[in-house]
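Here's the letter readout for the chains.
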Amino acid sequence: MQFNQPAGDNLFDNARLIGRPTPRIDGPLKVSGQAPYAYERHDAAEGQLVGYPVVSTIAQGRITGMDTSAAEAAPGVIGVVTTLEVGEMPTPSGMHTAPLFGGAEVWHYHQAIAVVVAESFEQARAAAALVKVDYDVTKGSFDLEAVWQQKKDDNSEPVARVGDFETAYQAAEVTLDQEYRTPSHSHAMMEPHASIAEWQDGKLTVWTSNQMIEWGRQSLATTLEMDADDIRVDSPYIGGGFGAKLFLRADAVMAALAARKLQRAVKVMLPRPMVMNNTTHRASTIQRIRIGAQADGKITAIAHEAISHTLPGGSGEDAVDQTRKFYAGDNRLIVKHLAEMHLPEANAMRAPGEASGLMALEIAMDEMAEKLGMDPVEFRTVNDTQVDPENPDRTFSDRHFVECLRQGAEAFGWVSRNTTPGGMRDGQWLIGHGVAGAYRGGPATTSGARVRLQDTGRIIVETDMTDIGTGSYTILAQTVAETMGVDLDAVEVRLGDSDFPVSAGSGGQWGAASSTAGAYAACIALREQIAERLRVNDPETLSFANGAVNAGEKQVTLASLAADGELVAEDSISFGDFRDEQVVSTFAAHFVELGVHVGTGEIRLRRMLAACDAGRILNPVTARSQVIGGMVMGVGAAMMEEMAIDTGRGYFPAHDLAGYEVPVHMDIPSQEVIFLDTVDPASSPLKAKGVGELGLCGVAAAVANAVYNATGVRVRSYPMTLDKYLDQLPAV
Amino acid sequence: MSSPSKAFEPRRRTLLAGNTDLEPGAAQRTAAPVGPETTTITVTVNGTEQELTVDNRTTLLDALREHLQLTGTKKGCDHGQCGACTCTVNGARINSCLSLAVMHDGDAVQTIEGIGMPEALDPMQAAFVEHDGFQCGYCTPGQICSAKAVLEEIAAGVPSHVTGDLTTRIEATEAEIRERMSGNICRCGAYSNILAAITEVAEQQAQGDRA
Ligand code: FES
Ligand code: FES
């Protein structure tokens with residue numbers, strides 16, 4: 001099915017199931033521990049051995065020798081695979097920067113360099129510690145600040161330049177020029193990367209934890225230099241990803257190599273302390289923002305420049321991206337710098353670009369509002385735009401950012417906020433309120449599905465789409481049940497298997513809009529088949545309800561149509577160019593109330609509220625969960641999450657869940673989410689967009705702005721730990 | 001799984017013979033072992049008595065996940081930092097990754113599988129589904145085991161960091177629940193929904209007590 005023009009009126013406008021709060025259909029399995037995650041597939045392959053990774057202890061250099069004899073002689077050990085014996089292997093895809101395994105070259109700390117395979121985990125772990133490695137170390141530089149100082153005045157190759165920023169900025173009545181810093185972040189999903197691999201007759205099966213099944217399969221084929229058709233990837237349940245599992249990672253490669261060498265099934269889970277340096281992370285940034293405005297608050301000039309680190313050849317963090325589209329202003333300058341260094345691979349984490357970019361931009365907007373003497377809600381409202389500021393001929397398909405601000409402010413009680421920084425007290429607590437805007441693209445991409453009508457009237461839907469906690473199982477069941485006129489429990493959803501049609505996968509918050517459209521396309525193909533069976537020329541004249549199809553006077557049950565064998569239909573949705581001729585995006589406004597202890601400086605959140613504009617909300621239950629989960633991650637970014645860099649050795653020393661702190665129950669207050677009642681016909685047949693990343697965007701800045709509002713201390717370097725503001729708190 | 005299979009023994013010996021003075025294994029061959037490498041224990045898991053021979057280094061978590069193939073109890077960190085491996089031993093919650101299986105001879109362990117199955121969910125499990133107290137589901141069994149134990153701890157009058165008055169009955173307030181649940185990380189960020197689920201069960205229990 002081609003999606004070549006905005007959706008007209010369709011069945012989703014009068015939906016029975018789409019848009020209704022629907023508990024997860026995979027819920028009972030998950031709450032009883034019966035949903036099998038990658039490392040738990042005892043059923044999948046016989047005689048599984050356990051592989052324990054050996055990782056490099058230097059950031060850059062070459063391995064000059066490896067002695068595995070002690071490891072191979074250790075009790076229970078079946079074999080060892082080393083990076084030297086395998087030799088250089090191709091980098092898995094254009095989206096990877098570093099190879100995952102193979103060869104003598106070390107690209108980054110904790111790169112996988114061997115896997116020790118034994119009958120048991122304990123034996124493999126003990127033996128892995130016996131592997132001796134000699135290195136030729138290359139001294140590297142890992143100082144982002146130093147590179148920033150060199151590059152920050154170089155605007156010669158901007159990402160975008162509109163009008164004459166410098167002149168307009170100089171002429172502006174009110175100006176702001178500030179730098180902001182965001183640290184590297186770790187996805188820290190609760191399930192570490194894990195895979196089981198087995199070879200049979202030259203064919204490889206990998207049971208793994210991966211957000212993008214087809215990318216994973218193709219990457220395996222590239223890495224192992226084999227035909228993708230000889231590879232099956234299966235990942236029905238994924239214990240979180242947030243971008244960490246977008247790409248093939250070393251666990252799967254090590255399991256596949258070891259299983260091939262030893263001719264046994266091998267399973268590998270990355271030990272938690274290896275996850276942060278072996279896999280990917282969100283890169284740290286330094287950002288400079290300049291805003292010039294008229295006294296009435298209208299922005300006349302805006303510049304956003306940012307630097308981030310990346311391995312050589314990588315693309316770093318696009319922290320400036322949202323600033324190209326979010327606010328109006330005739331004169332604009334956008335600059336992105338890269339600092340190449342041999343830290344572990346910087347890559348996508350939830351809301352790549354916007355998450356870090358808005359952490360800076362939305363503090364800058366708050367600072368600017370204060371300079372102008374304006375309500376920060378009003379300042380943002382004044383600078384809303386309905387067209388692409390770089391190309392005014394290009395409009396937003398559906399943008400209600402101002403409505404987010406209005407409804408959010410109203411529900412939050414913004415009018416009774418503290419308006420004097422440091423001016424509101426509740427006992428020992430300074431009370432602050434903060435607001436921030438959120439912007440995130442609403443992409444969609446080709447997605448396929450297969451539907452199989454059974455003689456029981458049940459419908460099975462199969463797609464390699466994944467559910468990483470997003471609710472895919474449920475929204476796909478809703479979509480199929482809606483389109484075929486059956487009850488929700490008449491639909492069985494099968495996901496994450498590369499034997500199924502290729503889907504959009506889970507990433508970039510494109511999954512929900514794309515995969516439901518793909519399932520809809522497959523259902524329409526099934527409806528056409530049914531029309532043919534019934535000798536009805538125009539499938540549109542059929543109506544599907546209560547497990548039956550009505551053709552004029554005639555009514556036939558779906559079950560009877562499949563009485564002689566299941567009906568199978570497959571199709572995919574693809575999105576036409578018209579979609580990109582507009583800007584399809586999602587918007588939100590975040591509001592936060594918190595207290596800062598007058599004596600200790602401790603920050604305690606009191607309440608949070610998000611108002612979101614993301615088109616039709618397919619399932620308010622799971623969409624709300626996506627948003628509150630993003631808000632939690634935003635609190636982490638504001639208050640505690642930091643992969644500090646050892647600038648001498650080039651790695652992230654705090655690399656487990658004790659050193660890298662994420663929010664816990666006690667950190668999170670009551671959260672409210674408002675979804676605007678909007679639909680975006682340009683987005684998909686269901687008029688839906690994603691929310692999974694929107695919920696994170698802007699949150700950290702709302703917290704930072706609230707801390708300023710509570711204390712009068714402006715912190716421009718995340719996370720807002722005590723060392724950055726305690727000495728500046730108002731006298732007790 | 002705990003001892004090397006016979007098929008691979010000869011190969012290991014060959015290697016040992018070639019490197020006699022380098023290998024830790026070689027020392028073991030000549031010197032008397034410090035003690036047995038495995039231990040046989042009896043544990044009652046979800047009401048069923050199980051005899052297990054485990055490597056002495058095997059955690060309770062891996063005894064459950066790998067030996068008994070009860071994979072509902074999750075491994076998030078293996079270092080006592082996340083709570084995904086929470087189950088109860090003799091009624092008290094524990095991070096099973098921080099405890100060796102051999103320490104649990106004679107103990108009674110309850111895991112998520114013993115709390116309820118999809119067809120017959122425990123009220124806490126049902127409340128998690130109703131309030132969407134999870135997303136990816138990986139922390140969920142640990143959250144549920146913890147949540148049930150938290151309500152029992154509160155009922156038993158065990159104080160927490162946020163308990164104000166130690167002389168009166170402790171109520172299942174939001175602060176008490178949040179504080180006591182803070183050892184169970186949910187990176188998906190389902191905390192508010194988890195709180196709603198636990199609060200609902202606490203209220204049900206309170207009503208039950210009054211009735
Ligand atoms: S696995 Fe035990 S606390 Fe994380
Ligand atoms: S549900 Fe994913 S970590 Fe809690």
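Residue indices follow the written sequence of each chain, beginning from 1 at its first position. Throughout, the order in which chains and ligands are written sets their labels, letters from A for the former and numbers from 1 for the latter. In keeping with the model being predicted, local features are shown solely for residues with a pLDDT of at least 70 and side-chain atom pairs are shown and tallied solely at 80 or more, while totals for entire chains, interfaces and linings include all residues. The side-chain quantities take in all heavy atoms of the structure and omit both hydrogens and water.

S.K.: Sorry, what's going on with the overall build of chain A here?
M.R.: Tallying secondary structure elements over chain A gives 18 helices and 30 strands in all. Using C-alpha atoms as the atom set, the radius of gyration is obtained and then compared with a globule rule of 2.2 Å times the number of residues to the power 0.38. By the compact-globule yardstick of 27 Å for 732 residues, chain A fits well, its C-alpha radius of gyration being 27 Å. Judged by the C-alpha coordinates and their principal axes, chain A covers about 80 × 75 × 50 Å. Residues classed as buried in chain A amount to 68% of the 732 residues present. A contact between two residues is defined here by any heavy atoms of the two lying within 4.5 Å. In chain A, 81% of the contacts between residues at least 6 apart in sequence involve partners at least 24 apart. Only carbon and sulfur atoms are counted for the fraction: they give 45% of the accessible area of chain A, which is about 23500 Å². Of the charged side chains in chain A, 60 are positive and 95 negative; the average position of the first set lies 2 Å away from that of the second. Each helix corresponds to a stretch of at least 4 residues labelled H or I by DSSP, and each strand to a stretch of at least 2 residues labelled E; elements are numbered beginning at the N terminus. The cut-offs for exposure are 20% and 50% of the maximum accessible area for each residue type, with area from a 1.4 Å probe on protein chains only; residues under the lower value are buried, those over the upper are exposed, and the others partly exposed. Areas reported as accessible are Shrake-Rupley estimates using a 1.4 Å probe. Residue values count occlusion only from the protein chains shown. Charge counting follows a simple rule: Lys and Arg are positive, Asp and Glu are negative, and His as well as the terminal groups are ignored. Charge positions are represented by NZ for Lys, CZ for Arg, CG for Asp and CD for Glu.

S.K.: Would you mind showing me how to read the sheet that holds strand S19 (residues 425-426) of chain A here?
M.R.: Within a sheet, neighbouring strands are paired by backbone hydrogen bonds and run either parallel or antiparallel to one another. Residue and element names in this part refer to chain A. We call two strands paired when DSSP finds no fewer than two bridges between them. Spatially, S19-S20-S28-S29-S30 is the arrangement adopted by the five strands of the open sheet, whose pairing is mixed. Across the chains shown, the open sheet's two edge strands, defined by having one partner strand only, are S19 and strand S30 (670-675). In terms of strand pairing, strand S29 (residues 603-613) meets S30 through six bridges, oriented parallel. Counted as the bridge partner of Arg607 is Ser670 from S30.

S.K.: It is not clear to me how the domain arrangement of chain A should be interpreted in this structure. Could you clarify?
M.R.: Residues and elements named next belong to chain A. Here the limits of each domain have been adopted from an automatic or database domain assignment. Each assigned domain of chain A is listed with its residue range as follows: domain 1 (2-9 + 444-580) and domain 2 (373-442 + 584-728). Between the C-alpha centres of domain 1 and domain 2 the distance comes to 36 Å. Between domain 1 and domain 2, the contact holds 25 residues from the first and 24 residues from the second. When domain 1 packs against domain 2, close to 1700 Å² is buried across both sides, 54% of that on carbon and sulfur atoms. A side-chain nitrogen of Lys or Arg and a carboxyl oxygen of Asp or Glu constitute a salt bridge if their distance falls within 4 Å. Linking domain 1 to domain 2 there are zero salt bridges. Pairing of N or O atoms within 3.5 Å defines a polar contact, subject to two protein rules: one partner must be a possible hydrogen donor and the other a possible acceptor, and residues neighboring in sequence count only if both atoms are side-chain atoms. Put simply, domain 1 and domain 2 have 13 residue pairs in polar contact (both at pLDDT 80 or more) between them. Looking at the side of domain 1 that touches domain 2, the elements that each hand over two or more residues are helix H13 (472-484), helix H14 (511-533), strand S27 (567-575) and helix H16 (578-581). The term buried area means the drop in 1.4 Å probe accessible area that two parts suffer when joined, counted for both and summed.

S.K.: Sorry if this is basic, but what is going on with the pattern of salt bridges here?
M.R.: When their charged atoms lie close together, side chains carrying opposite charge are able to pair. Residues and elements named next belong to chain A. What the rule picks out here adds up to 54 salt bridges over all chains. Across the pair Glu492 and Arg494 runs a salt bridge whose closest N-O atoms are separated by 2.8 Å. Taking the relative accessible area as the measure of exposure, Arg494 reaches 29% and is therefore partly exposed. Where salt bridges share partners, they join Arg450, Arg452, Glu462, Glu492, Arg494, Glu566 and Glu570 into one cluster.

S.K.: Mind showing me how you'd approach the domain arrangement of chain B here?
M.R.: Put simply, an interface is often sized by how much accessible area is lost when its parts join up. All names here are of chain B. Segmenting chain B into domains produces domain 1 (38-115) and domain 2 (123-210). Inter-centroid distance (C-alpha atoms) of domain 1 to domain 2 is 22 Å. The partner domain 2 presents 16 residues to the 16 residues of domain 1 that form the contact. Approximately 1300 Å² of surface area, both sides summed, lies buried where domain 1 meets domain 2, with 56% of it carried by carbon and sulfur atoms. Ranking the residues of domain 1 by area buried against domain 2 places Arg93, Ile112 and Ile115 at the top, with a combined share of 45%. Taken together, domain 1 and domain 2 are joined by seven residue pairs in polar contact (both at pLDDT 80 or more). At the level of elements, strand S3 (86-89) and helix H4 (112-115) are the ones that each hand at least two residues to the side of domain 1 that touches domain 2.

S.K.: Is there a simple way to think about the packing of aromatic side chains in this case?
M.R.: All names here are of chain A. Ring pairs are drawn from Phe, Tyr and Trp, using the six-membered ring of Trp, whenever the two centres fall within 6.5 Å, and their geometry is named by plane angle: stacked under 30 degrees, edge-to-face over 60, tilted for the rest. Per the stated rule, a full pass over the model turns up 20 aromatic pairs over all chains. A centroid spacing of 4.7 Å and a plane angle of 50 degrees characterise the contact between Phe326 and Phe401, whose relative ring orientation is tilted. On the criterion of sequence distance, the pair formed by Phe326 in the loop between strand S15 (299-310) and strand S16 (331-340) and Phe401 in helix H12 (residues 401-412) is long-range, its members being 75 residues apart. Every member of this aromatic cluster is reached through a ring pair, and the members are Phe326, Tyr327, Phe396, Phe401, Tyr439 and Phe587. Its guanidinium or amino end placed over the ring of Tyr169, Arg290 lies 6.0 Å from that ring's centre, counting from NZ or CZ. Lysine and arginine charges are scored as sitting over a ring when NZ or CZ, respectively, is within 6 Å of the ring centre and within 35 degrees of the ring normal.

S.K.: What's the story with the nonpolar core in this structure? I'm lost.
M.R.: Considering soluble globular proteins, one finds that nonpolar side chains tend to be buried as a cluster. By nonpolar core we mean a set of buried residues, namely Ala, Val, Leu, Ile, Met, Phe, Trp, Tyr and Cys, connected to one another through side-chain atoms within 4.5 Å. Counting residues in each nonpolar core, the largest one holds 238 residues, and the members touching the most others are Leu204(A), Ile530(A), Leu594(A) and Phe128(B). In terms of nonpolar packing, the next biggest core, distinct from the first, is built from 14 residues, Val43(B), Leu60(B), Leu68(B) and Leu70(B) among them.

S.K.: I keep staring at the environment of Thr516(A) and nothing clicks. Help me out?
M.R.: Residue and element names in this part refer to chain A. Among the structural elements, Thr516 can be located in helix H14. Judged by its relative accessible area of 0%, Thr516 is buried. In this structure, the C-alpha to C-alpha distance between Thr516 and Ala256, residues 260 residues apart in sequence, is 32 Å. When near neighbours in sequence (up to four residues on either side) are disregarded, Thr516 contacts Ile475, Leu476, Thr479, Gly511, Leu618 and Leu686.

S.K.: Could you clarify how one ought to interpret a negative patch on the surface in this entry?
M.R.: A surface patch of like charges, here negative, comprises Glu528(A), Glu532(A), Asp538(A) and Glu540(A). With respect to the helices and strands, the residue Glu528(A) is situated in helix H14. Patch membership needs two things, relative accessible area over 30% and no salt bridge, and members are linked within 9 Å if like-charged or within 5 Å if nonpolar (Val, Leu, Ile, Met, Phe, Trp, Tyr).

S.K.: I tried to follow the interface of chain B and chain A on my own but got confused; where do I start?
M.R.: Taken together, the 66 residues of chain B in the interface contact 75 residues of chain A. Contact between chain B and chain A buries roughly 5700 Å² in total, counting both sides, with carbon and sulfur atoms accounting for 58%. Across the chain B-chain A interface, the total number found is five salt bridges. In this structure, Arg65(B) and Glu40(A) form a salt bridge, with 2.9 Å as the shortest nitrogen-oxygen distance. Summed over the shared surface of chain B and chain A, the result is 28 residue pairs in polar contact (both at pLDDT 80 or more). Those elements giving two or more residues to the side of chain B that touches chain A turn out to be helix H1 (9-18), helix H2 (24-30), helix H3 (60-67), H4, helix H5 (123-130), helix H6 (140-155), helix H7 (174-181) and helix H8 (191-210) of chain B. Taken together, the residues of the side of chain B that touches chain A break down into 27 nonpolar, 23 polar and 16 charged. All residues other than Ala, Val, Leu, Ile, Met, Phe, Trp, Tyr, Cys, Pro, Asp, Glu, Lys and Arg, Gly among them, are scored as polar; the first ten of these are nonpolar and the last four charged.

S.K.: I'm lost on the sheet that holds strand S10 (residues 194-200) of chain A in this one. Help?
M.R.: Residue and element names in this part refer to chain A. The strand order across the open sheet formed by seven strands is S4-S6-S2-S13-S10-S11-S12, and the pairing between neighbours is mixed. Lying at the two open borders of the sheet, with one neighbouring strand each, are strand S4 (77-82) and strand S12 (231-234). Neighbouring strand axes in the sheet, compared pairwise and without regard to direction, differ in orientation by 20 degrees on average. With axes taken as lines fitted to C-alpha atoms, and helix axes fitted only over the stretch in contact, angles between N-to-C directions fall between 0 and 180 degrees. Of the strands in this sheet, strand S2 (49-55), S4, strand S6 (112-118), S10, strand S11 (203-208) and strand S13 (266-269) touch helix H8 (residues 250-262), which is tilted by about 30 degrees from S10.

S.K.: Can you walk me through helix H18 (residues 699-711) of chain A in this structure?
M.R.: Count 3.6 residues to each turn of an α-helix, and residues three or four apart come out pointing the same way. Residues and elements named next belong to chain A. The end-to-end C-alpha separation of H18 is 19 Å, in line with the 18 Å expected for 13 residues at 1.5 Å each. Across the 13 residues that make up H18, a large majority, 13, are buried. Taken from the residues just after H18, Gly712 is the one with a positive phi, measuring 80 degrees. One fewer than the residue count of a helix, multiplied by 1.5 Å, yields its expected span.

S.K.: Explain the packing of H6(B) against H7(B) to me, please; I cannot follow it from the model alone.
M.R.: The relative placement of two packed helices is expressed as an angle between their axes plus a distance between the axes. Residues and elements named next belong to chain B. For the pair H6 and H7, the least separation of the axes is 10 Å and the interaxial angle reads 130 degrees. The orientation of H6 with respect to H7, classified from their angle, is oblique. Here the hand of the crossing between H6 and H7 comes out right-handed. Note on element contacts: H7 touches H6 through Glu176, Arg180 and Met181, opposite Gln143, Ser146, Ala147, Val150, Glu153 and Ile154. Residues that form the contact of H6 with H7 fall into these classes: four nonpolar, two polar and three charged. Here is the rule for angles: anything less than 35 degrees is roughly parallel, anything more than 145 is roughly antiparallel, 65 through 115 is roughly perpendicular, and the remaining ranges are oblique. Throughout, a crossing is termed right-handed when the near helix is turned clockwise from the far one, and left-handed when it is turned anticlockwise from it by less than a right angle.

S.K.: What am I meant to see in the side chain of Thr88(B) here?
M.R.: Residues and elements named next belong to chain B. Here Thr88 shows up in strand S3. Look at Thr88 and you get buried, because its relative accessible area is 11%. Those residues in contact with Thr88 that sit more than four places away from it in its chain are Arg93, Ile94, Ala108, Val109 and Gln110.

S.K.: Can you walk me through the environment of Asp227(A) in this structure?
M.R.: With respect to the helices and strands, the residue Asp227(A) is situated in the loop between helix H7 (213-224) and S12. With a relative accessible area of 44%, Asp227(A) lands in the partly exposed category.

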